[in-house]
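So you can see what is in the structure, the chains are spelled out below.
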Amino acid sequence: MTGGHRVLWFRDIGIDDVPRVGGKNASLGELIRALEPAGIRVPDGFATTADAYRELIAHGDLGPRIATELAAYRSGTASLAATGEAVREALLAAELPPELAVEIREAYRELGRRSGIPHPAVAVRSSATAEDLPDASFAGQQETFLNVVGERQLLEACRRCYASLFTDRAIDYRRAKGFDDLDVALSIGVQRMVRSDVGASGVMFSLDPESGFPRVVVISAAWGLGELVVQGVVDPDRYTVFTPLLGDASLRPIIEREVGAKEQKMVHARGGTARTRTVATTRRERDSLVLDDADVLQLARWAAAVAEHYGRPMDMEWAKDGATGELFLVQARPETVHSTRSGASFVVHRLTGTGPVLVRGAAIGDGIAAGEVCVIRDPSEMARFRDGAILVTEMTDPDWGPVMARAAGIVTEHGGTTSHAAIVSRERGIPAVVGTGNATSSLRDGQAVTLSCAEGEEGRVYAGILPFEREQIDPGSIPSTTTRLLVNVASPDAAFRWWRLPAAGVGLARMEFIVSDRIRVHPMALVHPERVSDPAERERIAGLTRGWPDGSAYFVDTLARGLATIAAPFHPHPTIVRMSDFKSNEYARLLGGADFERPEENPMLGFRGASRYDDPRYREGFELECRAVRMARSEFGFASIAVMIPFCRTLDEADRVLALMARNGLERGVDGLRVHMMCELPANVVLAERFATRFDGFSIGSNDLTQLTLGVDRDAEDLAALFDERDPAVLRMIELAIEGAHAAGIEVGICGQAPSDHPEFAEFLVRRGIDAISLNPDSFLRTAQHVAEVERSIRPVAVTG
């Protein structure tokens, strides 16, 4: 049993042993000792110590030579490449001290006995004593060797690990982080391989790595060994789990489940000197989800437990054994971006101009950068990179670190939100768009572009230098108000950005954006694909719904997860979901839509809102909407979701819609379901007290109420000057709506843009006693301050003394 000062078993070390075995190995030991009893599986293994590394340096008298080479680099007389190569060659030429080699062999044999395999396959990873610290990830700075089998291969991998302490990227990174190269020692972790080569693997965070939203676990998954996910070579599946609801075993709070391309996988090599090889995935593997719900929920519970144990957000790697079906954690390190930011304030970037979108991908961070494109296809071209340019490349690895640090923005063709490019960009605060698929062919060298990560999960690269704004928001400076202030959210992609706002919930979640941006197909075309006449559209619909039992399941699942994502940042505060309010011309633009919509002279006043829901032309589509809301509430656990009916023209229409909802599992008052109505027609105001007996609340829709009160089509350019929510007639209608709702004993709010745009309009609402105002998130701060001032003027604060 090995246990000397050179080699230690993981279960004999813990997080306090970073100086002895480095951050990575200390964390593995901590996981095994503290969390294995709770059911978290970690593969067995052992670590060489920092003392063993120092013994190697002394044994080969390497210290003076390393110091001389590094001094030459620091003085500018030697290049980084020449310095790194010279130090690595010295370490590779050095023999391991005999005592160290013996202890490594003995530990490997013991690992074989424990696993029942004479020559077990192991992963050999570097663990520097300055690595995986709370303020520095050192992601990928040293080497990892997979599928190492036999004592000879193991000792060779150990020598290469020691040499990798002085890769060019590691030297540069330590300098950037202020570490002295000679003060850092290297431990080596030797861990039994999980058969993920015939299974799957990936990365997960115990928060949203883009926004820092702390109440989710975000999981990336791909087939085979995990290196391709970490390196950003593959576009993995992505899952997001809302952790506050994990404690209820009856719920499945997986609020995002996205199939990635997964075009390659890394597996064990067969014969020859290579230990691994990369192969193409099958069509079935590309189209299938890597993890089922049970696996996702188990990993999420593990991630939450690890974060709770460490008392901080964590970045973890996991693997699934394809032979046994078992899941394992193989690494855990502190998350180093959001957890190190001081204070609760955050910066909001806004594009104020627009232009053609050249490429799209996953947004990393929430910033905006503008500059000239510099396309670098190979590391050998790095010398021509221009400081402050937008770096465009196929993918990055740790060797790209020095160039990435000089870029204003980064665009890659491959990789997801857990790739090397994503990790380094976040840590350095550089906006990046990853996984575009076509950046190097669509963007040309020297082209002026604007890279935007400020519009949600999708990052975009626009042609030209566009204007943008930057605002610092301190939630602590937002005053509390008697009037409830909520937010309007259209896209799930942007929902997590605003989790720090002290909003009382979501006053308007617009279902249409999820349908148009994520689903992209007319609901009736999914129920009746045989009625879609265009073969090209039928083919596109088939592609979108591939992997689903049918089109209806695709619609319901996609919409339900989108609604849950919008609700998550403000749960358990209410999220009021407006049922679909597309006009017929907007529905017609969806895939398959032309076969289900009739042309209308004025769609604004036509077949829209509640009139659609119980009509034979759309009833089946509305039933899908109801199923999606029911799934989000009952299966995912977001009972905080309420429903709102738009453009309800008559009392009879209200009764028919409520009955249809009840037949589809959404009955007002059952399981706490609240049903609201958009108060946006003069009929709603005139009969406010009678409509109020059917609903739990009103939300005034100032846009439609204005156009119908003044007789002004809000889309008519010639009449734009007449369209004004502050017109006395409109204000009187709003006043009557508030009075009618309160007389009937229900609450009333407003969800238009006018309170944000016009301070005097917000003041009018507060003075008339409106209960809630729902705002666009980027106007929340200034409107809250104004509302608080109005409330103080109405109800002066008493002064005692």
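Cut-off values and rules
- Residues numbered from 1 in each chain as written.
- Predicted model: local features only at pLDDT ≥ 70, side-chain atom pairs only at ≥ 80, totals over all residues.
- Heavy atoms only, no water.
- Helix = DSSP H or I, 4+ residues; strand = E, 2+ residues; numbered from the N terminus.
- Rg over C-alpha atoms; globule rule 2.2 N^0.38 Å.
- Buried < 20%, exposed > 50% of the residue type's maximum accessible area, 1.4 Å probe, protein only.
- Contact = heavy atoms within 4.5 Å.
- Areas by Shrake-Rupley, 256 points an atom, 1.4 Å probe, with all protein chains shown as cover.
- Salt bridge = Lys/Arg side-chain N within 4 Å of Asp/Glu carboxyl O.
- Pairing = 2+ DSSP bridges.
- Axes fitted to C-alpha atoms, helices over the stretch in contact; angles between N-to-C directions.
- Expected span 1.5 Å × (residues − 1).
- Lys, Arg positive; Asp, Glu negative; His and termini not counted.
- Phe/Tyr/Trp six-rings, centres within 6.5 Å; stacked < 30°, edge-to-face > 60°.
- Parallel < 35°, antiparallel > 145°, perpendicular 65-115°, else oblique.
- Nonpolar A, V, L, I, M, F, W, Y, C, P; charged D, E, K, R; others polar.
- Core = buried A, V, L, I, M, F, W, Y, C linked by side-chain atoms within 4.5 Å.
- pLDDT = per-residue confidence, 0-100.
- Disulfide = S-S within 2.5 Å.

**Focus on the overall build of the chain**
In terms of helices and strands, the chain carries 29 helices and 30 strands. Relative to the 2.2 N^0.38 estimate, which gives 28 Å for 801 residues, the radius of gyration of the chain is 30 Å and therefore close to what a compact globule would have. Across its three principal directions, the C-alpha atoms of the chain cover 95 × 60 × 60 Å. Counting every position in the chain, which comprises 801 residues, the buried fraction comes to 58%. A separation of at least 24 residues holds for 69% of the contacts in the chain among residues at least 6 apart in sequence. With the model as given, the accessible surface of the chain reaches about 30800 Å², and the carbon-plus-sulfur share is 49%.

**Quick word on the pattern of salt bridges**
Summed over all chains, the structure comprises 57 salt bridges. Measuring nitrogen to oxygen at the nearest pair gives 3.0 Å for the salt bridge that ties arginine 113 to glutamate 110. Of this pair, arginine 113 and glutamate 110 both sit in helix H5 (residues 98-115), three residues apart, which is roughly one turn of the helix. One salt bridge in this structure joins arginine 252 and aspartate 293, with 2.6 Å as the shortest N-O distance. Highlighted residues: arginine 252 in the loop between strand E8 (237-242) and strand E9 (254-258) and aspartate 293 in helix H10 (residues 293-310), separated in sequence by 41 residues. Among the residues examined, aspartate 293 registers a relative accessible area of 18% and is labelled buried. Shared partners join several salt bridges into a network, and the residues in it are Arg252, Arg257, Asp293, Asp557, Arg561 and Glu635.

**A closer look at the sheet that holds strand E12 (residues 314-320)**
Strands sit in the order E9-E8-E7-E6-E12-E13 across an open sheet of six strands; the sheet is antiparallel. Each having just a single partner strand, E9 and strand E13 (327-334) make up the two edges of the open sheet. With strand direction ignored, the average angle separating the axes of adjacent strands in the sheet is 15°. Bridge count between E12 and E13: seven bridges; the pairing is antiparallel.

**Focus on helix H21 (residues 619-635)**
Think of an α-helix as turning once every 3.6 residues; residues three or four places apart then point the same way. Counted at 1.5 Å a residue, the expected span for H21 with its 17 residues is 24 Å, and the 23 Å between its end C-alpha atoms agrees. Restricting attention to buried positions, one finds in H21 the residues Gly621, Phe622, Leu624, Glu625, Cys626, Ala628, Val629, Met631, Ala632 and Arg633. Looking at the residues trailing H21, positive phi occurs at glycine 637, about 100°.

**A word on the pairing of strand E2 (residues 45-48)**
Burial of the side chains of E2 extends over both faces: Gly45 and Ala47 are buried on one face and Phe46 and Thr48 on the other. Bridge count between strand E1 (residues 7-9) and E2: three bridges; the pairing is antiparallel. Its bridge partner lying in E2, leucine 8 is registered against alanine 47. Pairing between E2 and strand E5 (residues 186-192): three bridges, direction antiparallel. In the strand pairing of E5, glycine 45 is matched with glutamine 191.

**Brief notes about unusual backbone geometry**
Most peptide bonds adopt trans geometry, and most residues besides glycine take a negative phi value. Here the amide bond leading from histidine 571 into proline 572 is cis, since omega sits at 10°, within 30 degrees of zero. Inspection of the secondary structure assignment puts proline 572 in the loop between helix H18 (551-567) and strand E25 (575-578). The phi angle at asparagine 147 is positive, at roughly 55°, despite the residue not being glycine. Even without being glycine, lysine 262 reaches a positive phi, approximately 45°.

**Re the sheet that holds E1**
Hydrogen bonds along the backbone pair up the strands of a sheet, which may run parallel or antiparallel. Pairing in this open sheet of five strands is antiparallel, and the strands run E1-E2-E5-E3-E4 from one edge to the other. Of all the strands in the sheet, just E1 and strand E4 (144-148) have a single pairing partner and so form its edges. For this sheet, the mean angle separating the axes of adjacent strands, direction not counted, is 20°.

**Re the side chain of glutamate 680**
As for its placement among the helices and strands, glutamate 680 is situated in the loop between strand E27 (675-679) and helix H23 (682-686). Although glutamate 680 is buried, it makes no salt bridge; arginine 608 carries the closest opposite charge, 4.8 Å away.

**Things to note about the environment of proline 599**
Locating proline 599 in the fold gives a position in the loop between helix H19 (584-588) and helix H20 (610-613). Sequence spacing of proline 599 and valine 403 is 196 residues, and the spatial spacing of their C-alpha atoms is 55 Å.

**Regarding the packing of aromatic side chains**
Evaluation of the coordinates by the stated rule reveals ten aromatic pairs. Consider the rings of phenylalanine 213 and tryptophan 499, whose centres lie 6.1 Å apart with planes at 45°: the pair is tilted. Separated by 286 residues along the polypeptide, phenylalanine 213 in the loop between strand E6 (200-205) and strand E7 (216-223) and tryptophan 499 in the loop between helix H14 (492-495) and strand E24 (506-510) bring together distant segments of the chain. A residue is classified by how much of its surface remains accessible, and phenylalanine 213, at 1% relative accessible area, is buried. Residue tryptophan 499 is classed as partly exposed on the basis of its relative accessible area of 22%.

**Quick look at the packing of helix H3 (residues 63-75) against helix H4 (residues 80-93)**
Where H3 meets H4, the closest approach of the two axes is 9 Å, and the angle between their N-to-C directions is 175°. In terms of axis orientation, H3 runs roughly antiparallel to H4. On H4, the residues touching Arg65, Ile66, Glu69, Leu70 and Tyr73 of H3 are Leu80, Thr83, Ala86, Val87 and Ala90. Its residues assigned to classes, the contact of H3 with H4 shows seven nonpolar, one polar and two charged.

**Digging into the pairing of strand E15 (residues 357-364)**
It is a general feature of regular strands that their side chains alternate between the two faces of the sheet. Here five bridges tie E15 to strand E21 (residues 458-463), and the two strands are oriented antiparallel to one another. Within E21, the position partnered with valine 357 by the bridge is tyrosine 462.

**Structural notes on the nonpolar core**
Counting 107 residues, the largest nonpolar core has Phe638, Ile645, Phe698 and Ile700 as the members making the most contacts within it. Sort the elements by how many residues they give to this core and H18 lands first, with nine residues. Dropping the residues within four chain positions of it, phenylalanine 638 is found in contact with Phe242, Leu245, Ile255, Ala564, Ala567, Ala568, His571, Ala632 and Arg633. Counting residues in hydrophobic clusters, the runner-up holds 44 residues, among them Ile57, Leu111, Ala163 and Val184.

**Examining the confidence of the model for the chain**
Keep in mind that low pLDDT regions are not for reading the predicted coordinates in detail. Taken residue by residue, the chain gives an average pLDDT of 91. The fraction at 70 or more is 96%. Scored below 50 in pLDDT, residues 131-141 makes 48 contacts in the model with residues more than four places away or belonging to other chains.

**Some points on the environment of arginine 633**
In this structure, arginine 633 sits in helix H21. Sequence separation between arginine 633 and glycine 711 is 78 residues, and the spatial gap between their C-alpha atoms is 39 Å. Apart from the residues within four sequence positions on either side, arginine 633 is in contact with Phe638, Ala639, Ile641, Val670, Asp671, Gly672 and Leu673.

**Overview of H10**
Here H10 spans 26 Å end to end across 18 residues, near enough to the 26 Å set by a 1.5 Å rise per residue. Considered for burial, the residues of H10 that qualify are Asp293, Asp295, Val296, Leu297, Leu299, Ala300, Trp302, Ala303, Val306, Ala307 and Tyr310.

**What to know about the state of the cysteines**
Here the structure, examined in full by the defined rule, presents zero disulfides. Cysteine cysteine 453 remains unbridged, with the sulfur of cysteine 374 as its closest cysteine sulfur at 19 Å. Counting only cysteine sulfurs, cysteine 679 is the nearest neighbor of cysteine 751, a cysteine outside any disulfide, at a range of 11 Å. Note on cysteine 751: relative accessible area 4%, which makes it buried.

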